[in-house]
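# Inside the fold
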Amino acid sequence: MRYLFYIGQNYSFEILRPVQDEARQRGDEVAWFIEGNDVNCEYFQSDEMVLDSIHAVKKFHPDAVFVPGNLVPRFIPGLKVQVFHGFEWKKKGHFRLRNMFDLYCTQGPLFTAKFNELRAPHPHFNVVETGWPKVDVLFDSPAYQWPARSDKPVILYAPTFSPALTSALLYSRKLNGWSGKADGNG
């Protein structure tokens, strides 16, 4: 089998590398294709095949195209698989059917149930609850041994880049000495 990983954001590496590892263990081929300008090519590993054109993608002729995003061109060969790339289900458009995916790989029961509900009147796609490969390693890893620090609490800060939900811009500006509002009016 041949798989194409169609990516447009850097977060795609963490999501798709576990899928790539599994594919390789089965003896399957994996190639990557970058859409847009938001992917840092330095993140590719030396043993990863990166296709540099649509012509190369068509020549590779994937059996399936894995997309941790919302869009993929229909002219790319192969079954189109959307791999969910976040937990936020309240985002606008999260459950929007774009009529371009053959399979939705959902990360949990809430998402699976909703997509199966959407599938009833639109049976042109399938839904499989696969979990979320990006966090699978958290369940297989040994527990982290935190350094002993009684003077300061430890805070996990994980902002999203979604404009309506992010606090990263505000946090970044505060670190750089800017104290106005995140919307630029202050």
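Residues numbered from 1 in each chain as written. Predicted model: local features only at pLDDT ≥ 70, side-chain atom pairs only at ≥ 80, totals over all residues. Heavy atoms only, no water.

## Focus: unusual backbone geometry
So the rule is basically this: Runs of E in the DSSP output that reach at least two residues are strands. Runs of H or I that reach at least four are helices, and both are numbered from the N terminus. Throughout this description, buried means an accessible area under 20% of the type-specific maximum (1.4 Å probe, protein chains only), exposed means over 50%, and partly exposed covers the range between.
Backbone geometry places His61, a non-glycine residue, at a positive phi of 50°. For His61, the position within the fold is in the loop between helix H2 (54-60) and strand S4 (64-67). With a relative accessible area of 48%, His61 lands in the partly exposed category.

## So, the nonpolar core
Here is the rule we go by: What is meant by a nonpolar core is a set of buried Ala, Val, Leu, Ile, Met, Phe, Trp, Tyr and Cys residues, joined one to another through side-chain atoms within 4.5 Å. In what follows, residue pairs with any heavy atoms lying within 4.5 Å of each other are defined as contacts.
Core analysis: the largest hydrophobic core is formed by 20 residues, its most contacted members being Leu4, Tyr6, Leu51, Val65 and Val72. Among the elements of the structure, strand S1 (2-7), strand S2 (29-34), H2, S4 and helix H3 (109-119) are those that each provide at least two residues to this core. A total of 3 residues in this core trace back to one element, the largest contributor, which is H2. Filtering out sequence-adjacent residues up to four positions away, Tyr6 remains in contact with Phe33, Glu35, Val65, Phe66, Val67, Pro68, Leu71, Val72, Pro73 and Ile76. Formed by 19 residues, the second largest nonpolar core is a distinct cluster that contains Tyr3, Val39, Phe44 and Cys105.

## Brief notes about the packing of aromatic side chains
Basically, it comes down to this: The criterion for an aromatic pair is that two Phe, Tyr or Trp rings (for Trp, the six-membered ring) have centres within 6.5 Å, with stacked assigned to planes under 30 degrees apart, edge-to-face to planes over 60 apart and tilted to the rest.
Per the stated rule, a full pass over the model turns up 10 aromatic pairs. A ring pair is formed by Phe5 and Trp32, whose centres lie 5.0 Å apart and whose planes are at 90°; its orientation type is edge-to-face. With Phe5 in strand S1 and Trp32 in strand S2, this residue pair connects regions lying 27 residues apart in the sequence. One aromatic cluster is present, built from ring pairs that chain together Tyr3, Phe5, Phe13, Trp32, Tyr43, Phe44 and Phe66.

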